[in-house]
Amino acid sequence: MADRYFNPFQAIDINVPVQFHEAFERYCQRGANAVIDQSPFPRMVDLWFLSVCVAARLKLEPADVVKSKTVKIIDGSIFSSDPWRIHTLMLIAIGNTGDVQIVSEPRKMMTLANGLAVAGLPKVVEMLKDGDAEPIWNLSDAMDTLLRKEQVA
Amino acid sequence: MPLNDRRIISIILEQCEEVEERCDGYRNEIVNVISDILEYERAHRVSATNIQKQINEKCDATAQFLTTHREQRDGTEESDL
Amino acid sequence: MKLLRAEFQNFRLLRDLELDFSCDPNRKLTVIRAANESGKTTVLHGLQWALYGDSALPDKGNGFRLHPIDWDVSDGRRVPITATVEFEVTSHRQAGKELRETRRRYRLVRSAFEDVDSAARRSASTVKLFALNDSGATPVNAPESLINDELPPELRDVFFTDGDRALSFIEADVALSTKRGRVQRAIRSLLGLGVIDDAIRHVNKAAAEVNRKAKRIGADSELKEVASRLEIQERQREKLELDLEDAKQQFASFDEKVNVVDRKIEATLQKGDREKLATDLERAQKEIGRLNKQLSVANKEHSGLFRSQSIATDLLAPMFTAAFGKLEELHDQGKIPSTTIPVLHDRLDAEVCICGETLKPGQPEGDTRRAHIQKLIKDNQRADEIREVITDLYYSAKPLQGEGSGTSSIWLEEYASVVERRDDIQELRDEAGRKLRALENQLDSLPDTDIQGLRATRNQYKSQRDNYLTKQSTIETQLASLKRDIEDLEAKRDRLLKEQKRGTRILAERDVIQDVMKVLRSAYERITNEELGKVSELMNHIFLEKIGADPEQGAIIRRAEISQEFDIIVYGPRDRTLNPDRDLNGASRRALTLAFILALTKVSQVEAPNVIDTPLGMTSGFVKRSILRTAVRESAQLILFLTQDEIAGCEEIIDKVGGKIFTLTNPALYPKILVNDPGVADRKVLRCECNHREDCRLCQLHSDAQVELAS
């Protein structure tokens, strides 16, 4: 079912400013022997996606990626296997713009999402680094804190 | 005075009582021979002496004592006859 | 012999030290209190050097420096070293059949010069002995002989005992024959058996002389022939006796080798079976592999948490609320779901409008209406495409809203459970790792010997040992038959001698020699049997008294004895023999050796000192006090070097029987162990008169240092 799901982002590449490339290399599992505790993200899209979510959560302003020198990390076809992510990106677009019509404009949605990702990436990288343990535990702790804080609030 | 000498001497004296009195004063002679031999042995430990010669001579002297007494006794016995 | 006084100059740490010992028969204990590293061993060496010279030093004094290590060369490049010992000797002289006791005091002075350089060459020591009397000191010739008589060098271990070295009589790491030899030498020497042994040997040779004399007077007669044959037989007997001795020694030596290999095999087996260990190791490795897989799965789960739907829904819950609000609004307005076009299509297909009018094609009204509906469909198509997407989103994204809208976080729950799983598995993995390492260590520590090979070696040794045993019995048989021949020949010779004129003289000599030999042999037998029995009995008595109070050992040790073969044997319940090294604890081993030494000294009626370093180490409580009490009772003069820890608990006994008590201190132990700075530049042992209950500025120790020293 998932594979046959209509993916509006099918043909759209995801590019991030080059300065984040190293973070993607470091924190995403490359190859079978990756050390999970050092590289918590199975794929690059996972880091990218979490950054989007974190930025949205923290109500960060989407960054303007256009001006930066970018590097392609994923293409949109990757979402075909995770339809919930397509919906999530749409909901983010709607939530962020307040305009449901945006769902008919995949590029706009992706630009918004990518802007959020780039805004959220430094936060996520900080979460990965901030702590005494391996990145996976630092990130886990940070997530735990973030979710609890917002819950209490 | 040598170690444990008292013990050794008293035991040797007791053992000498078992010796046949081959002639008058023979047993006493044996006590003396043995006392001297032990004395020689102790001296020999400290400084090398010709101990074998000393012992041979001591035994020889006692044999002379025994022979003399035997001859006297035999003579007496013969004269008694 | 009793020690009265000792004095040392420039003997290692003893730059200038005087010691005096108690001679009071009612207070025969001297306690020299000294912490470790305060010169106890040096004093022990010093006393023995004074009495025996270099041969009493470690490695016979070779390379053993005697002068103080911090000797100031401005005081000279050759250091004079002196040790003085004053002692009292009780002697018994035979006056007729009476024994007379006399006591004499002597001063022995040994000195040597030593170069202050790395070689530390020293002159041969000179020793002088003086008889002390009211009018002063008279020199005595041949001092060594007096010392050798009073304190035979082979008995040094009995008189001067280092608590640990004393165990040499029972330690398990030497062969039975070695221990037996040590015990035998100590007993024979102390009982004076060695002298009798030598006498028997020499008298035996005198017997051969008798035969030679017979041969000489025999001329060409039968007597000469018999005497010559006897001579040959005697020589053969001597040779056989030597061979027998050799066979016995070889047997003992191979027996020792068999024992050594046996112990090796036992040790190897005790450490564990290599094969079983290997299997355990493989199993442990498999377990680790399994746990590693589980751990990897758990790690992936942890990693999966960051790409999960729940983290997105939890994080985006506020955002989703806004977005879903928009969608709900559309839904409420009826703009979604997007049903217009499908409904119109349905109506066209059904050919009936919602209002009930016909939509049948081919009919004018129907066609008009159909055209209208088709226009409506066309007009709505663009807007519907968007609506379709939104509708789809509205329905498909419901699960996202459902999960994220609650106040509780799904992700946090998932995270908690992943962490718990990871931690649990990690703990098991760590435990398995420790197990594996322990097994590997065990395997590594296995002696690199194969049991098979050891068994083969053992069998070789055993077969050689048995060969010597066979040889031994063969020689013994030969000797028995030779002795019969000799007896026959002797009888014949004696008969022939009687016929000779000068024969009676030779026969008289034979009688004398035979009588002397009989006395010596029977005395030897008696001393061995009776005295050994007494030593054995007294040793047992002292030993049981010493350990009687030890609940741990008291239950397993029944008695101890010295066998006719000079083995010290300890028996457990039902007369099972115990291995002193394995079945006895440290305190009991010490007690056994001290019991042997004390019993031996006592039975031999030798008045000799027992100078013992650290006799109460490894003992405590009642056992410690019991060891001290019996030692005092059984010894003629007891000089003990005790640490504060050894003294602890024994103060009252020392109060009662201590004749002389003083303390030695090594200033170099400041500040670690000593409280006060002794203010002494040289490294040297100092004496103070503090007894076992006192402390002064010099000897006061840190309280924790006492604990440290004790341990």
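Enquirer: When you look at the interface of chain C and chain A in this model, what are you seeing that I'm missing?
Expert: When the parts of a complex come together, some accessible area is lost, and that lost area is often taken as the interface size. Each partner contributes to the interface: chain C provides 32 residues, whereas chain A provides 32 residues. Listing elements by their share of the side of chain C that touches chain A, those giving two or more residues are helix 7 (274-304), helix 8 (309-332), helix 10 (364-396) and helix 12 (410-445) of chain C. Looking at the side of chain C that touches chain A, its residues break down into 20 nonpolar, 8 polar and 4 charged.

Enquirer: Looking at this structure, I do not really get unusual backbone geometry. What am I missing?
Expert: When glycine is set aside, most residues are seen to have a negative phi, and most peptide bonds are trans. All names here are of chain C. The residue after Tyr670, namely Pro671, is reached through a cis peptide bond having omega 5 degrees. Along the polypeptide, Pro671 turns up in the loop between strand 14 (658-665) and strand 15 (686-688). Positive phi, normally seen in glycine, also occurs at Glu351, with a value near 60 degrees. Of note, Glu351 is situated in the loop between helix 9 (340-350) and helix 10. For Thr614, which is not a glycine, the phi torsion comes out positive at approximately 50 degrees. According to the C-beta neighbour criterion, Thr614 is buried, with 22 such atoms within 10 Å.

Enquirer: How should I be thinking about the environment of C:Glu427 in this particular structure?
Expert: Within the secondary structure, C:Glu427 sits in helix 12. Along the backbone, C:Glu427 and C:Leu291 are 136 residues apart, and their C-alpha atoms lie at a distance of 9.9 Å.

Enquirer: Got a minute to help me understand the packing of helix 7 of chain C against helix 12 of chain C in this structure?
Expert: Two quantities define a packed helix pair, namely the angle between the helix axes and the distance between the axes. Residues and elements named next belong to chain C. Packing of helix 7 against helix 12 brings their axes to within 9 Å, and their N-to-C directions diverge by 160 degrees. Here helix 12 runs roughly antiparallel to helix 7, going by the angle between their axes. Helix-helix and strand crossings are classified by hand; for helix 7 and helix 12 the assignment is left-handed. Here the residues of the contact of helix 7 with helix 12 sort into 14 nonpolar, 8 polar and 8 charged.

Enquirer: Just to check I follow, could you spell out the nonpolar core for this structure?
Expert: Inside soluble globular proteins, nonpolar side chains tend to come together where they are buried. Residues B:Ile34, C:Val516, C:Ala595 and C:Leu600 are the most contacted members of the largest nonpolar core, which totals 136 residues. With 17 residues, helix 14 (residues 503-547) of chain C is the largest single contributor of residues to this core. There are two domains that each give this core at least three residues, and those are domain 1 (2-20 + 37-158) and domain 3 (535-710) of chain C. Aside from chain neighbours lying at most four places away, what touches C:Val516 is B:Ile30, B:Val33, B:Ile34, B:Cys59 and C:Val203. Core analysis: the next-biggest nonpolar cluster, separate from the first, contains 71 residues, A:Met44, A:Leu50, A:Ile73 and A:Ala117 among them.

Calculation criteria
- Residues numbered from 1 in each chain as written.
- Chains lettered and ligands numbered in written order.
- Predicted model: local features only at pLDDT ≥ 70, side-chain atom pairs only at ≥ 80, totals over all residues.
- Contact = placed C-beta atoms within 7 Å.
- Helix = DSSP H or I, 4+ residues; strand = E, 2+ residues; numbered from the N terminus.
- Nonpolar A, V, L, I, M, F, W, Y, C, P; charged D, E, K, R; others polar.
- Buried ≥ 20, exposed ≤ 12 C-beta atoms within 10 Å, placed from the backbone.
- Axes fitted to C-alpha atoms, helices over the stretch in contact; angles between N-to-C directions.
- Parallel < 35°, antiparallel > 145°, perpendicular 65-115°, else oblique.
- Left-handed = near helix turned anticlockwise from the far one by under 90°.
- Core = buried A, V, L, I, M, F, W, Y, C linked by C-beta atoms within 7 Å.
- Domains from an automatic or database assignment.

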